[in-house]
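An overview of the molecular structure
Listed below, chain by chain, are the residues.
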Amino acid sequence: MANRLSNIATRTGDDGSTGLGDGSRVPKDHLRVQAMGDVDELNSNLGVLLAEPLPEDVRELLVTIQHELFNLGGELCMPGYELLKEGAVLRLDQALAHYNAALPRLKEFILPAGTRSAAIAHVCRTVARRAERAVVTLAASETINAAPRQYLNRLSDLLFVLARVLNRANLDGLGGDDIYWHSERLARLDQDETPSSET
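A brief report on the enclosed structure follows. (Residues numbered from 1 in each chain as written. Predicted model: local features only at pLDDT ≥ 70, side-chain atom pairs only at ≥ 80, totals over all residues. Heavy atoms only, no water.)

Before going further, it helps to examine unusual backbone geometry. The phi torsion at N170 lies on the positive side, around 55°, for a residue other than glycine. Position of N170 relative to the elements: it lies in the loop between helix 6 (146-169) and helix 7 (183-193). (Helix = DSSP H or I, 4+ residues; strand = E, 2+ residues; numbered from the N terminus.)

Structure below.
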C-alpha cells in the first residue's frame with residue numbers, strides 16, 4: 001500500500017477505467033465511482049471549512065466527520081465491505097440534537113449566507129445531499145449497506161444546523177443571525193421594474 005501511495009501517477013486510468021479496493025476495475029463514470037467522488041468532494045469542502053476560524057467544539061466535530069467520511073469512501077471503494085459503523089450515524093444524531101437545541105426555532109426560510117464559515121457549511125450541506133443521492137442511485141443497482149446513506153442524510157441536516165451555529169458565533173464579524181428569505185423583497189423589486197401603463 002505504501003509503495004502504491006508513493007507512486008501517484010500510475011497511468012493505469014488512461015483507458016478511462018479506475019481500480020476499486022477489491023482489485024476490480026470499472027469505468028470512471030460508474031455509479032460507484034461517482035458516489036465515491038461526491039464523498040471525496042464533500043470531504044474536501046469540509047477541509048476548506050476547517051481552514052476558517054471555528055468554535056473549538058465545532059472544529060473537533062468536523063475533524064471526526066472527515067475521518068468517518070474517509071471510511072465511508074473506503075466502504076464504497078470495496079464492494080461487500082463494511083467500514084462505517086452504526087455508531088457513526090448515532091454520533092451525528094447526538095450532535096444534531098445538541099446543536100439544534102440551542103438554536104431558536106425557524107419561522108422563515110433562510111438563505112445560504114452570512115459569515116464565510118456559515119456559507120461554506122451550506123456548500124458542504126449541498127454536496128452532502130448530492131453524495132446521498134449518488135449512494136441512493138448506486139443502491140438501486142448494487143447492494144449497499146444502509147449506514148453510508150443514513151450518514152450522509154444526517155450529515156446534511158447537521159451541516160444546516162452548524163451553518164446557523166456559525167452565523168451566531170460571528171467569528172468574522174459578518175454574521176450574528178440567520179439570513180432570512182424575504183418574498184416581499186422580490187415583490188417590491190418586481191413592482192419597481194413593472195413598465196408604466198401611461199403612454
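Along its 24 residues, helix 6 runs 34 Å from first to last C-alpha, staying within 8% of the 34 Å computed at 1.5 Å per residue. Count one or two residues on from helix 6 and you reach N170, which has phi positive near 55°. (Expected span 1.5 Å × (residues − 1).)

What follows is about the pattern of salt bridges. Pairing is possible between side chains that carry opposite charge, provided their charged atoms lie close to one another. Here the structure, examined in full by the defined rule, presents 11 salt bridges. Across the pair D93 and R154 runs a salt bridge, and its minimum N-O distance is 2.8 Å. Of the two residues, D93 sits in helix 4 (residues 86-101) while R154 sits in helix 6, which places them 61 residues apart along the sequence. Given the relative accessible area of 24%, R154 is considered partly exposed. As a salt-bridge pair, D178 and R164 come within 2.9 Å of each other at their nearest N and O atoms. Of the two residues, D178 sits in the loop between helix 6 and helix 7 while R164 sits in helix 6, which places them 14 residues apart along the sequence. Per residue, the accessibility class of D178 equals that of R164, and both read buried. (Salt bridge = Lys/Arg side-chain N within 4 Å of Asp/Glu carboxyl O. Buried < 20%, exposed > 50% of the residue type's maximum accessible area, 1.4 Å probe, protein only.)

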